[in-house]
Structures are given as C-alpha cells and as structure tokens.
Amino acid sequence: MTLSTPPEPPPDPPDRASPARATRELHEVLRAPGYLRLLLVAAVVGIPVSLAAFGFLTLEHAMQTGLWEHLPHEMGYSVAPWWWPLPLLTLAGLVVAGVAARLPGAGGHLPVNGLGGPPILPSALPGVVVAALASLSFGAVLGPEAPLMAIGSALALSAVRSAKRAAAPELVAVLSAAGSAAAIAVVFGSPLVAAVLIIEGARLAGPRLTALILPCLLASGVGAVVFTGFGAWSGLATGALALPSLPPSRSLRAGDFLWGMPLAALIGCGVVLLMTLGRRVADWTGPHPTRRIVMCAIVVGALTAGYAASTGRSPEEAALSGQSTLAALAADPHSWSTSALALLVLAKGLAWSVSLGSLRGGPVFPVLMLGAAAALLCQDLPGFGALPGLAVGLAAAASAALRLPLSATVLGVLLLGDQGTEQVPVLIVASVVAFVVGELTRARCAPHPPDSATAGPS
C-alpha cells in the first residue's frame with residue numbers, strides 16, 4: 001500500500017479578494033475626489049442634523065411635560081389621573097391617521113419594521129415630524145430614535161439635488177446613513193453607538209464597509225460635538241436616554257450568571273413574541289389604516305389607563321417612551337411593589353406591541369425599560385444582584401429587538417456608565433443568549449424565514 005501525494009488545494013474563487021487587493025481597493029476609494037467631497041459633505045451635514053435633532057427632542061420633551069405634568073396640575077391634579085391617556089392617545093391616533101392618509105411618506109415607516117427604514121426624502125419630512133410628535137408626546141409607547149434617523153436622512157439627502165439622487169443610488173444610501181448616524185448619536189449620547197449600529201447593521205466587509213463607516217463616523221462625531229455644545233449653551237432639556245443613578249455596585253458572582261442567563265432567554269423570547277403581535281397589528285391596520293390606527297391608539301390608552309387604575313400609580317409610567325421610568329427604576333428599584341412592576345411589564349408590553357404596528361416612533365426606548373423592569377422583578381433571587389439584573393435586562397431586550405447583539409452590548413455598557421465595564425461579561429452573555437433565543441422564536445413564529453433586511457438600522 002502506497003501513500004499518494006495529497007491533491008493540490010483548489011484555487012481561491014476569483015471573487016475572493018486577497019488582502020493586497022482589498023488594500024488597493026481601499027486606497028482607490030480614499031483617493032477618489034468624489035469620495036473626499038462626500039466626507040466633507042458628511043461632516044457639514046452633521047451640523048444641521050444635530051441642531052434639528054436638538055430642536056425635535058426639545059420640542060417633544062416640552063410637549064410631554066406640558067401635557068403630562070403641567071396641564072394636570074393646572075386642572076387640580078397632583079399627577080395625571082388614571083383616565084388621562086384615553087383622550088390624549090385618541091387625539092394621537094387621529095393625527096397619525098390623517099398624516100398617513102394625506103401627507104407624502106405616510107408619516108414614516110412603522111416601528112415594527114426595525115430601528116431604521118429606507119432613505120427618507122425631504123418631501124416626506126413634515127409628515128414624519130408631525131406624526132412622531134403626536135405619537136411620542138401624546139403617550140404612544142415608542143421612542144424618538146427612528147424619527148430622528150428619518151430627520152437625519154432627509155436633511156442629508158436635501159444636500160444633493162434630486163437629479164443626482166436619481167442617478168447615484170449608492171450616494172443616496174451613504175448620505176442617508178451618515179445623516180441617520182448623526183441623529184442616532186445624539187439620542188443615545190455617543191457617536192460610538194451610532195458607529196457600531198451602522199457597522200453591525202450594514203453587514204458589509206472590507207473597503208465597502210470602510211467607505212460607509214467613515215462618513216457616518218464623521219457626521220456623528222461632528223453632530224455630537226454641536227449637540228453637546230448647543231445643549232450646554234441653551235440650557236434646554238431634551239429628555240435623552242440616560243441613567244443618572246444606578247443600584248449599588250458589586251463584583252459579579254456565579255448567581256448573576258445562573259439566574260441571568262435563563263432570564264435573558266425569557267426576555268429574548270418575550271420581546272420577539274411582543275414584536276410578532278406588533279406585526280399582526282400592522283397587518284390588521286393595513287387595509288383600513290385611517291380608522292384602525294385610531295382604534296389602536298385607543299387600545300394603547302386603555303392599557304396604560306388600566307395600569308394606573310389598578311395600581312394607583314401615574315399612567316405616565318406605562319405610557320410614553322419609558323426613559324424617565326427607566327431612570328427611576330435604575331435609581332430605586334425597590335420603589336415598585338412586585339405586583340406593580342409585573343403589571344407595568346404586562347400593560348406597557350402590550351401597549352408597545354400595539355404602538356409598534358400602528359403609530360410612529362422607534363422601538364428601542366420602551367423595550368429597554370421593559371427588559372430592565374422584567375429583570376428587576378427577579379432582583380431578590382438568592383445570589384442575583386440588582387445591578388447585574390439591570391444589565392441583563394438592558395442587553396437582552398435590546399439584542400432581541402434590534403437583532404444586533406454587539407450593538408446591544410455597547411449600548412448597555414454606555415448606559416451603565418462607570419459601572420458598565422465591570423458588567424461587560426454578563427452584558428455579553430445576556431446579549432448573545434437573548435439573540436439566539438429570539439431568532440429561534442422568530443423562526444417558529446414566522447410562516448417564512450424572517451427577512452434580514454428588516455433587522456437593525458438601514
């Protein structure tokens with residue numbers, strides 16, 4: 001018996017770029033005069049996008065404060081009464097239905113379709129702003145991130161003439177992403193979140209990824225500087241996502257993983273089931289959007305009013321985007337009874353599902369609060385701490401909703417601030433577990449494999 005010479009390995013496929021070829025392609029991109037002009041446009045675009053985002057967030061925060069705090073006080077209530085969400089959300093449904101039926105762009109994409117959407121043309125911007133302000137200020141359980149990305153996309157594309165947009169679809173995609181990145185950086189408080197979202201959501205590699213990420217980084221960095229400086233100068237409040245106070249810090253223990261991983265799986269499964277319900281709502285509203293959007297808004301109002309009536313707490317906790325409730329939960333997790341926290345998760349979760357499929361806004365802010373609340377329900381389990389529980393809830397909920405586990409981990413680290421670094425192991429594991437369980441749940445719920453184009457930001 002003789003040993004034969006092993007066969008030669010097959011040659012690399014012709015479309016597989018070698019490192020040297022990838023480097024040459026990258027240098028060609030960077031040396032192209034058109035690309036350098038694109039970088040300059042992206043840097044300039046970051047300035048108006050950040051100012052527009054600041055104005056939108058300031059106006060939304062002022063409208064929320066006026067409708068949910070000042071107006072009840074003027075009517076003699078110390079806090080908004082339990083029935084308060086019903087008229088406000090009915091009005092929100094009427095406005096969104098009118099915008100969807102009459103204005104270009106139908107008020108923007110449905111939040112159940114993901115964080116981002118297709119590029120928004122400048123002509124659709126008025127409808128996006130009106131529908132988002134009505135939804136977010138009047139009590140829809142949605143966040144401002146998707147409308148801000150739409151505003152950034154539309155403003156970026158307004159820098160290019162319509163004829164050039166029609167002739168250069170790749171330019172439209174890059175500029176739209178840069179404008180969206182500048183907007184998302186300000187609402188999440190860091191250009192790093194925008195960069196990771198774009199990298200993970202684009203699903204590109206090599207020179208193509210570099211060509212996309214550089215304008216996005218530049219626009220988001222410039223925008224964050226302008227946003228921060230303008231905010232400090234004006235002193236106006238924007239209500240951006242932040243956790244000023246957190247549970248006491250402690251080192252991670254085995255119990256944090258033993259309890260946290262099954263909890264991350266449950267949160268991932270629950271988030272996907274709620275989003276699946278949101279998809280059913282969207283399908284139901286499609287044939288008759290004007291009337292059914294209003295009906296969905298009334299259902300959201302009834303759910304949040306029911307939470308307030310059954311717990312004696314403010315309906316504001318179950319309505320709106322949830323960043324103020326999330327901050328209150330993180331600062332004092334024991335201020336809610338177990339029953340109130342469970343009812344908050346139930347009522348806000350169902351209201352979030354209905355809002356996803358009918359109103360206008362983003363999916364991220366409420367799901368972060370839902371994940372945190374669900375995890376803090378388990379904070380008294382032996383060996384399970386409040387801070388690791390908060391980390392598990394944030395990472396698991398964001399990973400399952402965004403379908404971007406790395407972005408969810410980075411977002412959790414930034415939200416936890418100085419204490420985020422020591423929670424990185426539990427953040428990573430919770431994010432991965434929730435992502436895997438969420439995708440398996442999606443595969444079981446969907447009649448066909450889910451379309452990856454709807455995952456993450458566009």
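What you see is a predicted model, and the numbers here were worked out from it, not measured in a lab.

Caption draft 1: Looking closely at a nonpolar patch on the surface. Where nonpolar side chains cluster on the molecular surface, the patch consists of I428, V429, V432, V436 and L440 and spans about 390 Å² of accessible area. On the secondary structure map, I428 appears in helix 17 (residues 424-445). A relative accessible area of 40% means that I428 is categorised as partly exposed.

Caption draft 2: A look at the packing of aromatic side chains. A complete count under the given rule lists three aromatic pairs for this structure. An angle of 45° between the planes, with centres 5.9 Å apart, marks the rings of F188 and F365 as tilted. With F188 in helix 7 (residues 169-188) and F365 in helix 14 (residues 364-376), this residue pair connects regions lying 177 residues apart in the sequence. Here F188 and F365 have matching classes, each one buried. One aromatic cluster in this structure is built from Y77, W83 and W84.

Caption draft 3: Inspection of the packing of helix 12 (residues 323-331) against helix 14 at higher detail. Here helix 12 crosses helix 14 at 25°, and the two axes come no closer than 9 Å. In terms of axis orientation, helix 12 runs roughly parallel to helix 14. At the point where helix 12 passes helix 14, the crossing takes the left-handed sense. Here Q323, T325, L326 and L329 of helix 12 come into contact with helix 14, specifically with F365, L368, M369, A372, A373 and L376.

Procedures and definitions
- Residues numbered from 1 in each chain as written.
- Predicted model: local features only at pLDDT ≥ 70, side-chain atom pairs only at ≥ 80, totals over all residues.
- Heavy atoms only, no water.
- Patch = residues over 30% accessible without salt bridge, like charges linked within 9 Å, V, L, I, M, F, W, Y side chains within 5 Å.
- Areas by Shrake-Rupley, 256 points an atom, 1.4 Å probe, with all protein chains shown as cover.
- Salt bridge = Lys/Arg side-chain N within 4 Å of Asp/Glu carboxyl O.
- Helix = DSSP H or I, 4+ residues; strand = E, 2+ residues; numbered from the N terminus.
- Buried < 20%, exposed > 50% of the residue type's maximum accessible area, 1.4 Å probe, protein only.
- Phe/Tyr/Trp six-rings, centres within 6.5 Å; stacked < 30°, edge-to-face > 60°.
- Axes fitted to C-alpha atoms, helices over the stretch in contact; angles between N-to-C directions.
- Parallel < 35°, antiparallel > 145°, perpendicular 65-115°, else oblique.
- Left-handed = near helix turned anticlockwise from the far one by under 90°.
- Contact = heavy atoms within 4.5 Å.

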